[in-house]
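Residues per chain, in single letters:
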Amino acid sequence: MHTKNSIPTRREIEHIGIYTPGKPVEEVKRELGLQDVIKLASNENPNGCSPLAKEAIILELSHTALYPESTAPELTQKLASKLGVDQACIITGNGSDEIIHLLTRSYIRAGDEAIMADVTFSRYETNVQIEGGVTVTVPLIDGAHDLEGMLRAINHRTRMIFVCNPNNPTGTIVGEQELFSFIQKVPPHVILVIDEAYYEYVQDSDYLQTLPHLHQYANLVVLRTFSKIHGLAALRIGYGIMHPSLVQSLMKVKEPFNTNRLAQAAAIAALDDTEFVNSCARLNDEGRTYLQQEITRIGLTHFPSHANFLMIHLNRSGNDVFQALLAEGVIVRSGSLLGYPETIRVSIGTMEENTAFIQALEKVLGA
Ligand SMILES: Cc1ncc(COP(=O)(O)O)c(C=O)c1O
């Protein structure tokens, strides 16, 4: 038993909750005594990662006694040439989660406002609040960002805007023209963060290629990650692309060795395997189409997703369905934690996993 602790935490974090991740397979097996469990809860890649990345990790294992290069120069150089941007515009992070943290750490002062959708990826809000910033939320319209509403929310205290495109948890995208016109209207003193964690899954042509506009808009930041289509979520590596002066500010606040050797080596190798990325995008498309058709057949609806997950409207408690699916060995995300209490969010799995999910869902809904 510990003695009583009266050390106060910083006021800013008193009311912040601890992040609840998707339930791990191991935990569900242990707690429910199940043998077969599938996880469709954290938008991971069901096909794993590229064999080239695996080889690179194995080779790099012999260097684990050495610190990694602090700024991941080989990786940023390769990304720069692949993306057609200057290397000085890229910073790598311990997941793109860390880039969000570095942005708010560097730019949000107490009382500054940050505009984001209600609902969107929860780490924007948490990181803004940790710094003592104020979150201003603009409701989604039919699951999609209301960019006009976000523009109207800008005032002299606005420091940052987050646009998640595709949006997590709804999977919607904003149209190309609409987003470009928004970029043009956001004042230059406001940092506009466009989170493209699911970029590689988007097949729709009405989707803005943001990188060619970076050189013209010094306040524009684009986030990408190796956690999703590249299947390297466990290694924690993502990156931000932005004006070199912003990169320099983020460098000041990052930990010296924020991305590890295995992650850097795997990411470098993953960039060579375009065949793997293309095949994952194709499989995801097939899986998403299958799930959408099945959900319609069952009589349910969903948001129009462009990512590797689907948010399904149940017209009943998402929590109840989540719990019942768990008992069937299928882990999804309850919408109650994601701002839509009568939904679940399911990641697109392998065809086998998708079929198992639909079977379990029908059983649970029929019960
Ligand atoms: C929209 C969005 N941004 C960022 C992240 C963080 O990804 P990571 O830190 O693994 O790069 C996620 C993870 O689910 C996400 O959904």
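About the thresholds
- Residues numbered from 1 in each chain as written.
- Predicted model: local features only at pLDDT ≥ 70, side-chain atom pairs only at ≥ 80, totals over all residues.
- Heavy atoms only, no water.
- Helix = DSSP H or I, 4+ residues; strand = E, 2+ residues; numbered from the N terminus.
- Rg over C-alpha atoms; globule rule 2.2 N^0.38 Å.
- Buried < 20%, exposed > 50% of the residue type's maximum accessible area, 1.4 Å probe, protein only.
- Contact = heavy atoms within 4.5 Å.
- Areas by Shrake-Rupley, 256 points an atom, 1.4 Å probe, with all protein chains shown as cover.
- Lys, Arg positive; Asp, Glu negative; His and termini not counted.
- Charge placed at Lys NZ, Arg CZ, Asp CG, Glu CD.
- Patch = residues over 30% accessible without salt bridge, like charges linked within 9 Å, V, L, I, M, F, W, Y side chains within 5 Å.
- Salt bridge = Lys/Arg side-chain N within 4 Å of Asp/Glu carboxyl O.
- Pairing = 2+ DSSP bridges.
- Axes fitted to C-alpha atoms, helices over the stretch in contact; angles between N-to-C directions.

This part takes up the overall build of the chain. Assigned secondary structure in the chain consists of 12 helices and 13 strands. A compact globule built from 367 residues should have a C-alpha radius of gyration of about 21 Å, and the chain, at 21 Å, falls within 12% of that. Each of the three principal axes of the chain carries a C-alpha extent, and together these read 60 × 55 × 50 Å. Per-residue burial over the chain gives 54% buried out of 367 residues. Counting only contacts in the chain whose residues sit at least 6 apart along the sequence, the fraction spanning at least 24 positions is 73%. Surface summary for the chain: the accessible area is close to 17000 Å², and the carbon and sulfur share equals 52%. Each charge sign in the chain was given a centre, from 30 positive and 42 negative side chains, and these centres are 6 Å apart.

Our focus in this paragraph is a negative patch on the surface. A cluster of acidic side chains, namely E148, E176, E178, D204 and D206, defines a negative patch on the protein surface. Along the chain, E176 turns up in helix α7 (residues 176-185). Here E176 falls in the partly exposed class, since its relative accessible area comes to 33%.

What follows is about the sheet that holds strand β7 (residues 220-225). Taken in spatial order, the 7 strands of this open sheet run β2-β8-β7-β6-β5-β3-β4, and their pairing is mixed. Looking along the sheet, the strands with just one partner apiece sit at the ends: β2 (90-93) and β4 (134-139). Between one strand axis and the next, the sheet turns through 25° on average, direction left out of account. As judged from the 3 bridges shared by strand β3 (residues 113-118) and strand β5 (residues 158-164), these two strands associate in the parallel manner. Of the residues in β5, the one forming a bridge with A114 is M160.

This part covers the sheet that holds strand β13 (residues 343-347). Strand order in the open sheet made by the 4 strands is β9-β10-β13-β12, with antiparallel pairing throughout. Two strands bound the open sheet, and with one partner strand each, they are β9 (301-302) and β12 (333-334). The strands touched by helix α11 (residues 318-327) are β12 and β13; relative to β13, the strand with the most contacts, the crossing angle is about 45°.

Such coordinate-based values are descriptive only and should not be taken to indicate function.
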